[in-house]
Amino acid sequence: MNSVIEEITKKYEPVIGLEVHAQLKTNTKLFCSCKNEFGGEPNANTCPICLGLPGVLPVLNKTALDYAIKASLALNCTVNPKSKFDRKQYFYPDLPKGYQISQYDQPLASNGFVDLPDGSKVRINRLHMEEDAGKLVHAGAERLHGSAYSLVDLNRAGTPLTEIVTEPDIRTAEQARLYVQELRLILIYCGVCDGNLEEGSMRCDVNISLRPQGTEKFGTRAEIKNVNSFRSIQRAIEYEIERQAEILDEGGEVVQETRLWEENRGCTITMRTKEEANDYRYFPEPDLLPINISSEKIQNIQEELPLLPSKKREIYSQEYKLNEEESFIFVEDLERGSYFDECIKLSNNPKKVAAWVNGPVAAYLKEQRLSYFDTKLSPERLSEVLKLIDDGIVSDSSAKKDLIPDIFTSDLSPIELCDKKGLKQITDESAISGEVEAIVNQFPDQFSELKSGKDKMKSFFVGQAMKRFKGKASPALINKILDKLITK
Amino acid sequence: MSISKDELVDVANLARLGLPEDSLDKYTSELDSILNYVQRLSGVDTSNVDPLIHSESEDYTPLRLDEQNNLNEVQAFRDDFLDNAPQTEGHFFKVPKIGD
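Residues numbered from 1 in each chain as written. Chains lettered and ligands numbered in written order. Predicted model: local features only at pLDDT ≥ 70, side-chain atom pairs only at ≥ 80, totals over all residues. Heavy atoms only, no water.

## Quick word on the packing of helix H14 (residues 429–442) of chain A against helix H16 (residues 457–468) of chain A
Residues and elements named next belong to chain A.
Turning to step 1, where the next piece is worked out: Put simply, H14 and H16 touch, their axes get as near as 10 Å, and they point 125° apart. Our classification of the angle between H14 and H16 gives oblique. You can see that H14 and H16 cross each other, and the crossing is right-handed. Residues Glu-435, Ile-439, Val-440 and Gln-442 of H14 touch H16, and the partners they reach there are Phe-461, Gln-464, Ala-465 and Arg-468.
Turning to step 2, where the next piece is worked out: Within the contact of H14 with H16, the residues separate by chemical class into four nonpolar, two polar and two charged. (Axes fitted to C-alpha atoms, helices over the stretch in contact; angles between N-to-C directions. Helix = DSSP H or I, 4+ residues; strand = E, 2+ residues; numbered from the N terminus. Parallel < 35°, antiparallel > 145°, perpendicular 65-115°, else oblique. Left-handed = near helix turned anticlockwise from the far one by under 90°. Contact = heavy atoms within 4.5 Å. Nonpolar A, V, L, I, M, F, W, Y, C, P; charged D, E, K, R; others polar.)

In structure tokens, the structure reads:
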């Protein structure tokens, strides 16, 4: 938190709620069989239904409904057994029908919550389904103003969205960013949204007001639109906190209005005030009957839910004792996380597996631009390597140094690779116990110190032995022999 | 009065209808009489009746499988609708300047 915001929040408490629109990654649109894809040649994915031609009827996409239910359950919402669609009416060239099919007073789901990694909780007010609008290209200008005309691409018109609305539970810009990051992960884990913010798969509107610290009554809020990256969520909120605090400090009143975040200028500007607020004249969509969701269906989808990020974090830290950084990486990086999960099934040493996956494995794959399941180093093979280390057949350091890149590329097994490269340590006790005894005899004073309980002397003897065996003997084995000689 | 002149202007504005100034009184009074007529329904006691939104209140909306439509048909259709648009540029619809 920057110092200006810190100073302001001593006096005022920001009250923030977010509305996130997330695109569902179905094959086809919400109400017609047109392809749902980002990009594509302009207007290639359109049909009479999504162009809003007369005489056509929308039919709801089953998968879109299933995905929206799945997202609702992952966000701990109650899925309403009955909900309906409504028409939200306004005129804009990206909306061919002159209305958007959305859900108004009977949303698909309500009353959920998200647990954030910082320990806070954000309640979800509602989740509903709606169709997206098309895209406009403003000729000769970056923005609407100043362009002579606009070009309309309706490929996105009618693609399925869920709108997820929080309660005004958020208090800081950081918490808002954390919430959107967590929401994104949850939707990705559920496989219902690709979470690609650059392509607009998730878009965020921020409602924000300030109230004097210690008071209950909400201040007048502004709604900020066009906040479409993690960074701009934080920046836009901080800008708006400063703007509203300045107005309040001067004894003024914040105007209830919709503002637009200007990424390039780093500020928000007035889009429309309450007086000009759109009157959407919602009414029930006559072309679609109500949605009925049976408790069996909800039950089935509930059972399909994957392990969610918060639960995964808990397992990583409590069961596997991974540190925060390790568990963060495995939760954020889905592929690395599932590779780790596979490896862990074959090992009883999660810390060691984590160190290998995040260390030499991650480094090699990054350098080669390969993905985790694309090399010869399958989770099974990695577990063989770790077993060789555990058994003292090869040392951890020489495995990290000398088995790479061969374990990723070679057809030889890990043990064959160790053989070929001469990495195998001496593990036969009888082969070296004579030598260790000779060293002990060579340093009688040091040995009697060791015998009398000076444990530090042990590393002296291990060091001597390692020198003699040129690092090929396992320290564990030398220790074992020394212990025997001490008690002899 | 069920509707005022100001409300009429608002509604006309939302519907993008340009009503001439000298027609406002006429439309206000005509709409008012329609609304007054419909208003009679408010006299019925519906406190124990659920709203009937769709005529087939027992039915639920049908669902379709998430399968793409026939690509050849789509292509032919696209050529048709672009030909019928008042203005196009490439494969885009072209629309007049929006807003101010």
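## Some points on the interface of chain A and chain B
As a measure of interface size, the accessible area lost when the parts come together is often cited.
Turning to step 1, where the next piece is worked out: Facing the 54 residues of chain A at the interface are 31 residues of chain B.
Turning to step 2, where the next piece is worked out: Here chain A meets chain B over a buried area of about 3800 Å², counting both sides, of which 63% is carbon and sulfur.
Turning to step 3, where the next piece is worked out: Summed over the three residues of chain A that lose the most area to chain B, namely Phe-91, Leu-151 and Leu-289 of chain A, the buried surface amounts to 16% of that side.
Turning to step 4, where the next piece is worked out: On inspection of chain A and its partner chain B, the count reaches one salt bridge.
Turning to step 5, where the next piece is worked out: Measuring nitrogen to oxygen at the nearest pair gives 3.6 Å for the salt bridge that ties Arg-78 of chain B to Glu-41 of chain A.
Turning to step 6, where the next piece is worked out: At the boundary of chain A with chain B, the tally comes to 17 residue pairs in polar contact (both at pLDDT 80 or more).
Turning to step 7, where the next piece is worked out: Among the residues making up the side of chain A that touches chain B, the classes are represented as 30 nonpolar, 13 polar and 11 charged.
Turning to step 8, where the next piece is worked out: Bridge count between strand S10 (residues 149–153) of chain A and strand S3 (residues 92–96) of chain B: four bridges; the pairing is antiparallel. Paired with Tyr-149 of chain A across the bridge in S3 of chain B is Pro-96 of chain B. (Buried area = accessible area lost by both parts, 1.4 Å probe. Salt bridge = Lys/Arg side-chain N within 4 Å of Asp/Glu carboxyl O. Polar contact = N/O pair within 3.5 Å; in protein donor to acceptor, adjacent residues only side chain to side chain. Pairing = 2+ DSSP bridges.)

## A word on the layout of surface pockets
Where empty space is left can be seen by rolling a probe of water-molecule size over the atoms.
Residues and elements named next belong to chain A.
Turning to step 1, where the next piece is worked out: In this structure, the second largest pocket occupies an estimated 450 Å³ of space.
Turning to step 2, where the next piece is worked out: Looking at the lining of the second largest pocket, the elements that each hand over two or more residues are helix H3 (173–190), helix H6 (309–319) and helix H7 (324–332).
Turning to step 3, where the next piece is worked out: Element by element, the count of residues in the lining of the second largest pocket is highest for H6, at five residues.
Turning to step 4, where the next piece is worked out: Residue composition of the lining of the second largest pocket, grouped by class: five nonpolar, seven polar and seven charged. (1 Å grid on protein atoms, 1.4 Å probe; cavity = no way out; pocket = protein on both sides within 12 Å on 5 of 7 lines; lining within 4 Å. Points joined across faces, edges and corners; volume = space filled by probe spheres on them.)

## Section: the state of the cysteines
All names here are of chain A.
Turning to step 1, where the next piece is worked out: With the rule as written, the count across this model stands at zero disulfides over all chains.
Turning to step 2, where the next piece is worked out: Its sulfur unpaired, Cys-77 is 11 Å from the next cysteine sulfur, which belongs to Cys-190.
Turning to step 3, where the next piece is worked out: The thiol of Cys-204 is unpaired, and the distance to the nearest cysteine sulfur, on Cys-193, comes to 13 Å.
Turning to step 4, where the next piece is worked out: With relative accessibility at 4%, the residue Cys-204 sits in the buried group. (Disulfide = S-S within 2.5 Å. Buried < 20%, exposed > 50% of the residue type's maximum accessible area, 1.4 Å probe, protein only.)

## Description of the pairing of strand S12 (residues 202–212) of chain A
Residues and elements named next belong to chain A.
Turning to step 1, where the next piece is worked out: With 10 of 11 residues buried, S12 is to be regarded as a mostly interior element.
Turning to step 2, where the next piece is worked out: Bridge count between strand S1 (residues 12–23) and S12: 11 bridges; the pairing is antiparallel. When the sheet's bridge partners are listed, Gly-17 is paired in S12 with Asn-207.
Turning to step 3, where the next piece is worked out: Two strands pair when backbone bridges link them, and S12 and strand S13 (residues 222–227) are joined in this way by four bridges, in the antiparallel orientation. Looking at the pairing, Val-206 lines up with Ile-224 of S13.

## Quick notes on empty space enclosed by the protein
Turning to step 1, where the next piece is worked out: Counted under the stated rule, the structure contains three cavities of 30 Å³ or more.
Turning to step 2, where the next piece is worked out: Estimates place the volume of the largest cavity at around 50 Å³.
Turning to step 3, where the next piece is worked out: Among the residues forming the lining of the largest cavity, the class breakdown is five nonpolar, one polar and three charged.

## A closer look at the pattern of salt bridges
Residue and element names in this part refer to chain A.
Turning to step 1, where the next piece is worked out: Counting across every chain of the model gives 41 salt bridges over all chains.
Turning to step 2, where the next piece is worked out: Between Arg-265 and Glu-262 there is a salt bridge, with its nearest N and O atoms 3.9 Å apart.
Turning to step 3, where the next piece is worked out: Owing to a relative accessible area of 9%, Glu-262 belongs among the buried residues under this scheme.
Turning to step 4, where the next piece is worked out: Asp-396 is paired through a salt bridge with Lys-352; the nearest N and O atoms lie 4.0 Å apart. You can see Asp-396 sitting in helix H11 (residues 396–402) and its partner Lys-352 sitting in helix H9 (residues 350–368), a full 44 residues away along the chain.
Turning to step 5, where the next piece is worked out: Relative accessible area serves as the criterion here: at 23%, Asp-396 is assigned to the partly exposed category.
Turning to step 6, where the next piece is worked out: Among the ionic contacts, a cluster of salt bridges with common partners joins Glu-240, Arg-243, Glu-257 and Arg-259.

## Brief notes about the domain arrangement of chain A
Turning to step 1, where the next piece is worked out: According to the domain assignment, chain A consists of domain 1 (3–301), domain 2 (307–421) and domain 3 (429–486).
Turning to step 2, where the next piece is worked out: For domain 1 of chain A versus domain 3 of chain A, the distance between C-alpha centres works out to 69 Å. (Domains from an automatic or database assignment.)

## A closer look at the pairing of S3 of chain B
Turning to step 1, where the next piece is worked out: Here strand S2 (residues 88–89) of chain B runs beside S3 of chain B; their pairing, made up of two bridges, is antiparallel. Residue pairing in the sheet places Thr-88 of chain B in a bridge with Phe-93 of chain B of S3 of chain B.

## Points about the side chain of Lys-88 of chain A
Residues and elements named next belong to chain A.
Turning to step 1, where the next piece is worked out: Tracing the chain through its elements places Lys-88 in strand S5 (residues 86–89).
Turning to step 2, where the next piece is worked out: The side chain of Lys-88 sits in the buried core without any salt bridge; Glu-130 is the nearest counter-charge, 5.7 Å away.
Turning to step 3, where the next piece is worked out: The residues touching Lys-88, leaving out its near neighbours within four places in the chain, are Tyr-99, Gln-100, Tyr-280 and Tyr-282. (Lys, Arg positive; Asp, Glu negative; His and termini not counted.)

## A look at the environment of Phe-469 of chain A
All names here are of chain A.
Turning to step 1, where the next piece is worked out: On the secondary structure map, Phe-469 appears in the loop between H16 and helix H17 (475–487).
Turning to step 2, where the next piece is worked out: In sequence terms Phe-469 and Gln-425 are 44 residues apart; their C-alpha atoms lie 9.3 Å from each other.
Turning to step 3, where the next piece is worked out: Once residues lying within four places of it in the same chain are set aside, the contact partners of Phe-469 are Ile-426, Ile-432, Glu-435 and Val-436.

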